[in-house]
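Residue strings, one per chain:
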Amino acid sequence: MVSKQNGSEASEERLPNLPPALSKKPRAPAGKKSTSGTKSDPFALLTKDMEEEIAAALGDGNPDEILSSAFKLTVTREDMRTLEKLQWLNDTVINFYMTLLVDRSNRGKGPSVFAFNTFFYLKLCSGGYSAVKRWSKGVDLFSKDIIFVPVHLRCHWTLGVIDVRKKSIRHYDSLGQNGDKICQVLFKFLQEESHEKRKEELDSSEWTLHSMEPHEIPQQKNGSDCGVFTCKYADYICREEPMTFTQRHMPYFRRKMVWEILHQQLL
């Protein structure tokens, strides 16, 4: 698609008519550590040389200059500048970062991960399962541990997380909005995917749907960092580490993400 999505403030979204929500079970706040996650430091020090590279990428230059190209994705200087302070992340940056998480997983670090791109959820809502059933072609979603679904609500980014191991679907919103309908949409997709690809029916009584409450996950304190929060939710879930970051870490995470995209690897 040609258009680039950005996110800042929340707004309502039209969703297809759905059956009543599944009964939800309360989830404990994030904080339980696992020894199976990645060992990298989420607050790794950025050296002087790294900071200079970051500044150069965000500095003056041709906005169409390609600064990073991998995974059949390209990031231009204009895209990278959405990682400057208080800018709204666009779909290119979020898709590239999600792919870096998948790449880290493919290297045997942490749980097995798959990520849909940022246009998946909108396409699912507008066209139903038939419009997206080919988006998982060649991939057995039920063999993955975690499936990420970045959600763009017109001008706000959130994250849907399907945990196949735990049979749960969770929604992470840095503005604390209720995402029950998003969880329902994703579960309906999963049911149809199972029926279409495996000829098996998912038992709804075995699955838990939960929209994370504001006290359970870090929350943004401005109108521009939702995209960064969305990316870092996914990162920490992959690490299987407690979400210890806060709003004050966002400037650091933005700079770190610039370097990671430039070098096509996560610190």
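Reading guide: rules and limits
- Residue indices begin from 1 for each chain and proceed along its sequence in written order.
- With pLDDT at 70 or above as the cut-off, local features in this predicted model cover only qualifying residues; side-chain atom pairs require 80 or more to be listed or tallied, and sums for whole chains, interfaces and linings still use all residues.
- In computing side-chain properties, one takes all heavy atoms of the structure into account and sets aside hydrogens as well as water.
- Joining through side-chain atoms within 4.5 Å is the link that ties buried Ala, Val, Leu, Ile, Met, Phe, Trp, Tyr and Cys residues into a set, and such a set is a nonpolar core.
- Burial classification: accessible surface area is computed with a 1.4 Å probe over protein chains only, and a residue below 20% of its type maximum counts as buried, one above 50% as exposed, and the rest as partly exposed.
- Here a strand is any run of E in DSSP of at least two residues, a helix any run of H or I of at least four, and the numbering for each starts at the N terminus.
- Two residues form a contact once any of their heavy atoms are found within 4.5 Å.
- For two strands to count as paired, DSSP must find a minimum of two bridges between them.
- Note on handedness: a clockwise path from strand one over the helix to strand two, with the strands aimed away from the viewer, defines a right-handed crossover.
- Each C-beta atom gives one direction from the helix axis, and the arc is the one those directions make.
- For helices, the axis comes from a line fit to the C-alpha atoms of the stretch in contact; other axes are also lines fit to C-alpha atoms, and the angle between any two N-to-C directions lies between 0 and 180 degrees.

Caption draft 1: Broad picture of the nonpolar core. Among the nonpolar cores identified, the biggest contains 50 residues, and Met-80, Phe-148 and Tyr-172 are the most heavily contacted of them. Of all the secondary-structure elements, those providing two or more residues to this core are helix H1 (48-58), strand E1 (66-70), helix H3 (91-106), strand E3 (113-115), strand E4 (146-152), strand E5 (157-163), helix H7 (226-239) and helix H8 (250-263). Sorting elements by how many residues they give to this core places H7 first, with nine residues. Contact partners of Phe-148, with chain neighbours within four places excluded, come to Met-98, Leu-101, Val-113, Phe-114, Ala-115, Phe-116, Leu-159, Gly-160, Val-161, Ala-234, Ile-237 and Cys-238.

Caption draft 2: Highlighting the pairing of strand E6 (residues 168-172). Most of E6 sits out of view: five of its five residues are buried. What you see with E6 is no split at all: Ser-168, Arg-170 and Tyr-172 on one side and Ile-169 and His-171 on the other are buried throughout. Linking two consecutive strands that pair antiparallel, namely E5 and E6, is a turn of four residues; a positive phi of about 55 degrees is found at Lys-167 within it. In terms of strand pairing, E6 meets strand E7 (residues 208-211) through four bridges, oriented parallel. For Ile-169, the partnering residue across the bridge sits in E7 and is Leu-209. One crossover worth recording links E6 to the parallel E7 by way of helix H6 (residues 180-198), and it is right-handed.

Caption draft 3: Molecular detail of helix H4 (residues 120-127). Phe-120, Tyr-121, Leu-124 and Cys-125 are the residues of H4 that are buried. Looking straight down H4, one finds its buried side chains confined to an arc of 130 degrees; they lie on one side. For H4, the elements touching its buried residues are helix H5 (129-132), E4 and H6. Following H4 by one or two positions, Gly-128 adopts a phi angle in the positive range, close to 75 degrees.

Caption draft 4: Spatial organisation of the sheet that holds E7. Read across the open sheet, the five strands follow the order E3-E4-E5-E6-E7; overall the sheet is mixed. Among the strands making up the open sheet, the edge pair consists of E3 and E7. Neighbour-to-neighbour, the strand axes of the sheet open up by a mean angle of 15 degrees, direction not taken into account. The pairing of E3 with E4 spans three bridges and is classified as parallel. Within E4, the position partnered with Phe-114 by the bridge is Ile-147. Relative to the sheet, H7 contacts E3, E4, E5 and E6, its axis offset from that of E5 by approximately 20 degrees.

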